[in-house]
Amino acid sequence: MAEDSHLEKTEPASPRRLEKAREEGQLARSRELNTFLLLSAGVAVLWLAGAQLYKGLSDIMRSGLWFEPQVGTDTAYMLAVAAQSASNALWLLWPLFGVLVVTAIVSSTLLGGLLLSFKALEPKFARLNPVKGVARMFSAQAMVELLKTLAKALVIGGVAVFVIAHYQDDMMALMYASVSEALAAGVALVALCCALIAASLLLIVTIDVPWQLFIHQKKLRMSREDIRKENKENDGDPHVKGRIRQQQRAMARRRMMSEVPRADVIVTNPRHYAVALTYREHDQGAAPRVVAKGTGLVAARVRQLGHEHNVPILSAPPLARALYHHVELGQEIPTALYSAVAEVLAWVFQLRRWRDGLAPEPRQPSELAVPPGLDPDEHTNMTHPAS
C-alpha cells in the first residue's frame, strides 16, 4: 500500500491539468441550474407580458378561425393567410424566445465559463465499452442523478397537488365563466404553478451546484506521479537540463580561457586560486577588470595558459582570495582593492620595461593591503598561518 500511495489521486488539479480539461470540453455543469433559470425566466416573461401575449394570440386565433370563401378556393391565398398568422405569432413570442435563448447561454457559462471546444464533439469509441457503461450505471454519479430525478418528481408532483387542492373551487368555477375569462384565469394558474415549481427547484439547485463542482474537481485530481510527470514535461528532463547546464559551463569556461592570454597579470594563492586581471590605459576612468578566475583544476589551467603566453604571475594569497570571492567575471574591481591592484600593475609595467632592457628587474610586491572583511580566510590565517 505504501508503494502505491504515490499513484492515488489525492492532489488537486494543477493549472495545466485544468487548462487541458477545458480544451477537451470538460467543465463543471449543472442541468438543474439551467432548468431553474430557464423556468424562472419563462415565468417572469409570462407574468410581465402574459396579458399582451394572451390578447395578441387570441386575435390571431380569432382571425384564423374566421371563415372566408376565398380561403377554401384559392390555395395561394390560404398559404398567405397562414404565413401572415405565423409571422404575427412569432412577432408576439420573440421576446419570450429571446429571453429563453439568452438565459440558456448565460446559465451554461455560470459555472465553467464560455467555451467553444470541438474536441467534445469528436467520437470516442471507448464510451461504447459495455463494461464501462454498466459501471457508470451503478456509479455514485448515477445514484445522485437518480435521487435528483426522484426529488424533482416529488417537488413537481407536490406543487401540482397543492395547486389543485388549493384552487379546486376556482378551477371548477371556470366552467361557468366565459371563454376569455376562463383562458385568462387558466393562464394565471399555470403561471402561478410554474413560479412555485421554480421556487421549489431552488433547493435542489443549492445542493446540485456544489456537488457538480466537487465531482468535477474530483475527476481532475492528480496523483503525485502525475504531478511529477507534468513537471518533467513542463521543465524538461532533469538529466537533459543537467547536461545543458554542463555544456553551458564548458562554453563559458572556454570563453574565459580565451581571455587569459590577453590578461596583464595573474594573481594566485599560489595553488588554490587564480585570478586574471586586465587594464586598458586608453579607457579613461575604467578600473581593472577580472577576465578569468577559478580554483583547483581551473586555476591550474589559468596558470598554465599564463606561462605559455608569458603573462606575469604574482603570488598574493589574500588579494587572490578577495578578487575571487568579491568580483564576478567581466566586472571591475571594487574601490577597496584599488591600492593593492595598483601596486600589482606597477610591478607589471616595471617588469615589461625590464624585459625590454630599459629598467632593472623589479621586486615582486609583498604584503599587499587588503581591507578587512574582503579576505574570507583572514581569521583562519590569523590563527593558523598559511603555508
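Residues numbered from 1 in each chain as written. Predicted model: local features only at pLDDT ≥ 70, side-chain atom pairs only at ≥ 80, totals over all residues. Heavy atoms only, no water.

Caption draft 1: A look at the sheet that holds strand 4 (residues 313–315). Read across the sheet, four strands follow the order 3-2-1-4 without closing on themselves; strand pairing throughout is mixed. Single-partner strands in this sheet number two, and they are strand 3 (289–295) and strand 4. Each adjacent strand pair in this sheet contributes to an overall mean axis angle of 20°, direction not counted. Inspection of the sheet shows strand 1 (residues 265–268) paired to strand 4 by three bridges, in the parallel sense. When the sheet's bridge partners are listed, Val267 is paired in strand 4 with Leu314. Helix 12 (residues 317–326) rests against strand 1, strand 2 (273–278), strand 3 and strand 4 of the sheet, and its axis sits at about 75° to strand 2. In the packing of helix 13 (residues 338–355) onto the sheet, contacts are made with strand 1, strand 2 and strand 4, and the angle to strand 1 comes to roughly 130°. (Pairing = 2+ DSSP bridges. Helix = DSSP H or I, 4+ residues; strand = E, 2+ residues; numbered from the N terminus. Axes fitted to C-alpha atoms, helices over the stretch in contact; angles between N-to-C directions. Contact = heavy atoms within 4.5 Å.)

Caption draft 2: Summary view of the side chain of Lys293. Looking at the secondary structure, you find Lys293 in strand 3. Judged by relative accessible area, which is 14%, Lys293 ranks as buried. Here the side chain of Lys293 touches Tyr324 through a polar contact of 2.9 Å, landing on its backbone oxygen. A polar atom in the side chain of Lys293 sits 2.8 Å from the backbone oxygen of Val327. With near-sequence residues (within four places) excluded, Lys293 lies in contact with Met256, Ala274, Val275, Val298, Tyr324, Val327, Glu328 and Leu329. (Buried < 20%, exposed > 50% of the residue type's maximum accessible area, 1.4 Å probe, protein only. Polar contact = N/O pair within 3.5 Å; in protein donor to acceptor, adjacent residues only side chain to side chain.)

Caption draft 3: Layout of the nonpolar core. Leu277, Leu319 and Leu323 are the most contacted members of the largest nonpolar core, which totals 25 residues. Top contributing element to this core by residue count: helix 13, with seven residues. Not counting residues within four places of it along the chain, the set of residues in contact with Leu277 comprises Ala263, Asp264, Val265, Val267, Arg289, Val290, Leu323, Ile333 and Val341. (Core = buried A, V, L, I, M, F, W, Y, C linked by side-chain atoms within 4.5 Å.)

Caption draft 4: Looking closely at a positive patch on the surface. On the surface, Arg245, Arg249, Arg253, Arg254 and Arg255 cluster together to form a positively charged patch. For Arg249, the position within the fold is in helix 10 (residues 238–259). For Arg249, a relative accessible area of 49% puts it in the partly exposed group. (Patch = residues over 30% accessible without salt bridge, like charges linked within 9 Å, V, L, I, M, F, W, Y side chains within 5 Å. Areas by Shrake-Rupley, 256 points an atom, 1.4 Å probe, with all protein chains shown as cover. Salt bridge = Lys/Arg side-chain N within 4 Å of Asp/Glu carboxyl O. Lys, Arg positive; Asp, Glu negative; His and termini not counted. Charge placed at Lys NZ, Arg CZ, Asp CG, Glu CD.)

Caption draft 5: Structural context of the pairing of strand 3. By the criterion of burial, strand 3 is predominantly enclosed, with five of the seven residues buried. Judged from the six bridges that link them, strand 2 and strand 3 form a sheet pairing that is antiparallel. Counted as the bridge partner of Tyr273 is Thr295 from strand 3.

Caption draft 6: How the structure looks around the pairing of strand 1. Where burial is concerned, the two faces of strand 1 agree: the one with Val265 and Val267 and the one with Ile266 and Thr268 are both buried. Pairing geometry for strand 1 and strand 2, over four bridges, is antiparallel. Within strand 2, the position partnered with Ile266 by the bridge is Ala276.

Caption draft 7: Spotlight on the packing of aromatic side chains. Counted under the stated rule, the structure contains three aromatic pairs. Arranged with centres 6.2 Å apart and planes meeting at 45°, the rings of Trp91 and Trp94 form a pair that is tilted. Taken together, the positions of Trp91 and Trp94, both in helix 4 (residues 75–109) and three residues apart, correspond to about one turn of that helix. Geometrically, the ring pair formed by Trp211 and Phe214 is tilted, given 5.9 Å between the ring centres and 40° between the ring planes. Residue Trp211 and its partner Phe214 are both found in helix 8 (residues 179–219); the two are separated by three residues, about one turn of the helix. Looking at Trp211, the relative accessible area reads 25%, which means it is partly exposed. A cation over an aromatic ring shows up here: Lys293 above the ring of Tyr324, its NZ or CZ 5.0 Å from the ring centre. (Phe/Tyr/Trp six-rings, centres within 6.5 Å; stacked < 30°, edge-to-face > 60°. Lys NZ or Arg CZ within 6 Å of the ring centre and 35° of its normal.)

Caption draft 8: Representation of unusual backbone geometry within the structure. The phi dihedral of Asn310 falls on the positive side, at around 60°, and the residue is not glycine. Structurally, Asn310 can be placed in the loop between helix 11 (296–308) and strand 4.

Caption draft 9: Expanded view of the environment of Val275. Within the fold, Val275 resides in strand 2. A relative accessible area of 0% means that Val275 is categorised as buried. Between the C-alpha atoms of Val275 and Val260, which are 15 residues apart in sequence, the distance is 9.4 Å. Not counting chain neighbours up to four residues away, the residues in contact with Val275 comprise Val265, Ile266, Val267, Val290, Ala292, Lys293, Ala320, Leu323 and Tyr324.

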